[in-house]
Amino acid sequence: MSPPTNKAQSPGPGPAGEPSEPVGLLAGSHWAEQEQPVDDDADSALGSDVASSTASLSSSILEYRTIQGRTYHSDAVTDQEYWGSNDDIANEMLDMSHHFMTLFLDGKLYTAPLKDNIQNALDVCTGTGLWAIDFADEHPNCNFDIEDVTKPWTYEENYFDYVHIRWLTAVVKNWPALYREVYRCMKPGGRLEHIDAEVNLVCLDGTMPPNTAIYQWGQIWTEIGRKTGLVVNMVDSGCMDDGIREAGFTNIEVEDLLAPVSPWPVDKRQKEIGFFNCAFLTQDIEGFLTYVCPTVLGWTEKETLIYAAILRREYKECKVHANFKWRLVRAQKPLDA
């Protein structure tokens, strides 16, 4: 296993300035006491070229739940486990995240050393499907299957040449079990690639005090993870590389990457990454919080919306030089498995 590397270092000017003793999670009432910012939507110029696709949808999937004006998958599909909205605002955010991630990886859809003649590939939890559609441009044929990835897979053993997993932070409780399903359904010699993000942000120049909304993002989601069992500390916990190794994969390679949350860096490429990251992050902050903050943390709707507005303002102001930490793990099922 190769050691983690930092290919996309934050261009912060000084040494790490993180507080040694975090203040912890601020109560929802703290945000209700703040003045709610007026959002001028200054960065709405970023558009989204949404590709269309068709899928076979069961009637139960179309029975959406509605919470505070946002729609969510029915309980029959998610067992009340998935907190993300599925409406047009959320889907546009997912499309924007695909553009950001592709830019972040130097224009690449994947980094695994794939053969030209692969037959079967799987994009786990594909979202709006843009990654799968783009992948099919290089490796023709694309189908969409609707199943619960956290339950035993219905695919046959030794079937996939490549499995791609991207950004399932706070979605899965039992990563070792999921990796075992990937291993079982993958051909000997097949490749797994998983890239995911840590909820606790990284700041290298002391511009992220504990009372900022950006710092509190990590505290909020860490508490949600503690109460729900969903894995939110995807990098700091080591769950990706540990779980992949325990499932039986070999030739494991790990890279740690930093992505600026806004266009604060001086470096041109980092600034561009920060711009598109900010556009994606600010597109639907409310969609991340509307379900979990009231149901898990007990926040009111007002507290949730004011926190989201303050977080959006902090992203756009570029005063907090924060980065999201991503971990990219590549691995292979042994040829003699």
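The structure we're discussing is the one just above.
Novice: Just checking my understanding: could you explain the side chain of Glu255 for this structure?
Specialist: Along the polypeptide, Glu255 turns up in strand β7 (residues 250-260). Polar contacts involving the side chain of Glu255 include one to the side chain of Arg330, which spans 2.7 Å.

Novice: Sorry if this is basic, but what is going on with the packing of helix α8 (residues 268-283) against helix α11 (residues 301-317) here?
Specialist: The description of two helices packed together rests on the angle between their axes and the distance between the axes. The N-to-C vectors of α8 and α11 enclose an angle of 170 degrees; their axes lie 10 Å apart at closest approach. On the basis of their axis angle, the class for α8 and α11 is roughly antiparallel. Contact with α8, carried on its side by Cys278, Leu281, Thr282 and Gln283, involves Arg312, Tyr315 and Lys316 of α11 and no other residues of that element. In terms of residue class, the contact of α8 with α11 is built from three nonpolar, two polar and two charged.

Novice: Looking at this structure, how should I read empty space enclosed by the protein?
Specialist: Over the atoms a probe the size of a water molecule is rolled, and this reveals where empty space is left. A full pass over the atoms with the stated rule returns two cavities of 30 Å³ or more. The space that makes up the largest cavity amounts to roughly 40 Å³. Together, Trp217, Leu281, Ile285, Phe288, Leu311, Tyr315 and Phe324 line the largest cavity. Of all the elements in the fold, those that place two or more residues in the lining of the largest cavity are α9 (285-289) and α11. Split into classes, the residues belonging to the lining of the largest cavity amount to seven nonpolar, no polar and no charged. Estimates place the volume of the second largest cavity at around 40 Å³. Lining the second largest cavity, in full, are Leu105, Leu109, Tyr110, His164, Arg166, Glu193, Ile195 and Leu328. Elements with a minimum of two residues in the lining of the second largest cavity: β4 (160-166) and β5 (186-197). Classifying every residue of the lining of the second largest cavity gives five nonpolar, one polar and two charged.

Novice: Quick question: what am I supposed to make of the packing of aromatic side chains here?
Specialist: In this description, a pair of aromatic rings is defined by centroid distance and the angle of the planes. For the structure shown, the criterion picks out 22 aromatic pairs. Their ring planes at 25 degrees and their centres at 5.9 Å tell us that Phe135 and Tyr162 sit as a pair that is stacked. Note that Phe135 is positioned in helix α4 (residues 130-138) and Tyr162 in strand β4, a separation of 27 residues in sequence. Judged by relative accessible area, Phe135 falls into the buried class, the value being 6%. Members of the aromatic cluster, each reached through a chain of ring pairs, are Phe100, Phe104, Trp167, Trp217, Trp221, Phe280, Phe288 and Trp326. Sitting over the face of the ring of Tyr183, Lys333 holds its NZ or CZ atom 4.7 Å from the ring centroid.

Novice: Just to check I follow, could you spell out the nonpolar core for this structure?
Specialist: Side chains of a nonpolar character, in soluble globular proteins, are inclined to be buried together. Of all hydrophobic cores here, the largest spans 53 residues; its most connected members are Phe100, Trp217, Trp221, Leu289, Tyr307, Tyr315 and Trp326. At seven residues, the largest contribution of residues to this core is made by helix α6 (residues 213-228). Tyr315 has contacts with Ile214, Val261, Ser262, Cys278, Leu281, Thr282, Ile285 and Phe324, leaving out every residue within four places of it along the chain.

Novice: What exactly am I supposed to notice about unusual backbone geometry here?
Specialist: The phi angle of most residues is negative, glycine excepted, and most peptide bonds adopt the trans form. In this structure, Cys125 is a non-glycine residue whose phi angle is positive, near 55 degrees. Turning to its location among the elements, Cys125 is positioned in the loop between β3 (121-124) and α4. Residues other than glycine seldom take positive phi values, yet Asn141 does so here, at roughly 90 degrees. Its location among the elements puts Asn141 in the loop between α4 and β4.

Novice: Looking at this model, I keep getting lost on the pairing of β5. Mind explaining?
Specialist: When a strand is regular, its side chains alternate between the sheet's two faces. Burial analysis of β5 places nine of its twelve residues in the buried class, the great majority of the element. Inspection of the sheet shows β4 paired to β5 by six bridges, in the parallel sense. Bridge pairing in β5 places Phe160 opposite Met186. The parallel pair β4 and β5, bridged by helix α5 (residues 175-185), forms a crossover whose chirality is right-handed.

Reading the values: rules and limits
Residues numbered from 1 in each chain as written. Predicted model: local features only at pLDDT ≥ 70, side-chain atom pairs only at ≥ 80, totals over all residues. Heavy atoms only, no water. Helix = DSSP H or I, 4+ residues; strand = E, 2+ residues; numbered from the N terminus. Polar contact = N/O pair within 3.5 Å; in protein donor to acceptor, adjacent residues only side chain to side chain. Axes fitted to C-alpha atoms, helices over the stretch in contact; angles between N-to-C directions. Parallel < 35°, antiparallel > 145°, perpendicular 65-115°, else oblique. Contact = heavy atoms within 4.5 Å. Nonpolar A, V, L, I, M, F, W, Y, C, P; charged D, E, K, R; others polar. 1 Å grid on protein atoms, 1.4 Å probe; cavity = no way out; pocket = protein on both sides within 12 Å on 5 of 7 lines; lining within 4 Å. Points joined across faces, edges and corners; volume = space filled by probe spheres on them. Phe/Tyr/Trp six-rings, centres within 6.5 Å; stacked < 30°, edge-to-face > 60°. Buried < 20%, exposed > 50% of the residue type's maximum accessible area, 1.4 Å probe, protein only. Lys NZ or Arg CZ within 6 Å of the ring centre and 35° of its normal. Core = buried A, V, L, I, M, F, W, Y, C linked by side-chain atoms within 4.5 Å. Pairing = 2+ DSSP bridges. Right-handed = clockwise from strand over helix to strand, strands pointing away.

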